[in-house]
Amino acid sequence: MKAGTTVTFHNVDEMPGGHSVAADDGSFQSPALAKDASWSYTFAKPGSYGYKIREHPGAKGTIVVE
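Just so you know, these numbers come straight off a predicted model, no measurement behind them.

J.: It is not clear to me how unusual backbone geometry should be interpreted in this structure. Could you clarify?
T.: Negative phi values dominate among residues other than glycine, just as trans dominates among peptide bonds. At Asp 36, a residue that is not glycine, the phi angle is positive and equals roughly 70 degrees. Its location among the elements puts Asp 36 in the loop between strand 2 (21-23) and strand 3 (38-43). Overall, Asp 36 belongs to the exposed group, its relative accessible area being 51%.

Listed below in structure tokens is the structure:
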């Protein structure tokens, strides 16, 4: 995706305290999201951004910004 694109993370699961998304490099972190809540982040700079669900470290991904 291109720099300046906004990505929206949407939590579809129930979990006490919610789920939060965090960048591996600390560049972004969502608040705890309750079921059906969303949070958006705009990726202003090119790069590869690894992230995980803090409550489930095995749930991870990478966003590539051109």
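From this point, the discussion proceeds with the structure in view.
J.: What am I meant to see in the sheet that holds strand 5 (residues 56-65) here?
T.: Strands in a sheet are paired, the pairing made by backbone hydrogen bonds, and the direction either parallel or antiparallel. Spatially, the 3 strands line up as an open sheet ordered 2-4-5, and their pairing is antiparallel. Only two strands of the sheet have a single neighbouring strand rather than two, namely strand 2 and strand 5. If you compare each strand with its neighbour and ignore which way they point, the axes differ by 30 degrees on average. Looking at chain direction, strand 4 (residues 47-53) and strand 5 are connected through 7 bridges and run antiparallel. Bridging across to strand 5, Tyr 49 finds its partner in Ile 63.

J.: Help me understand the confidence of the model for the chain, please; the structure alone is not making it clear to me.
T.: As a general rule, the predicted coordinates of low-pLDDT regions are not to be interpreted in detail. On average, residues of the chain score 96 in pLDDT, and 100% of them reach the 70 mark or higher. Mean pLDDT across the elements of the chain ranges from a minimum in strand 5, with 95, to a maximum in strand 3, with 98.

J.: Help me understand the environment of Thr 42 in this model?
T.: Secondary-structure assignment places Thr 42 in strand 3. With a relative accessible area of 39%, Thr 42 lands in the partly exposed category. Along the backbone, Thr 42 and Met 1 are 41 residues apart, and their C-alpha atoms lie at a distance of 11 Å. If we skip the residues at most four places from it in the chain, Thr 42 touches Gly 4, Thr 5 and Thr 6. Reaching out from Thr 42, the side chain makes a polar contact with the side chain of Thr 6 at a distance of 2.6 Å.

Conventions adopted
- Residues numbered from 1 in each chain as written.
- Predicted model: local features only at pLDDT ≥ 70, side-chain atom pairs only at ≥ 80, totals over all residues.
- Heavy atoms only, no water.
- Helix = DSSP H or I, 4+ residues; strand = E, 2+ residues; numbered from the N terminus.
- Buried < 20%, exposed > 50% of the residue type's maximum accessible area, 1.4 Å probe, protein only.
- Pairing = 2+ DSSP bridges.
- Axes fitted to C-alpha atoms, helices over the stretch in contact; angles between N-to-C directions.
- pLDDT = per-residue confidence, 0-100.
- Contact = heavy atoms within 4.5 Å.
- Polar contact = N/O pair within 3.5 Å; in protein donor to acceptor, adjacent residues only side chain to side chain.

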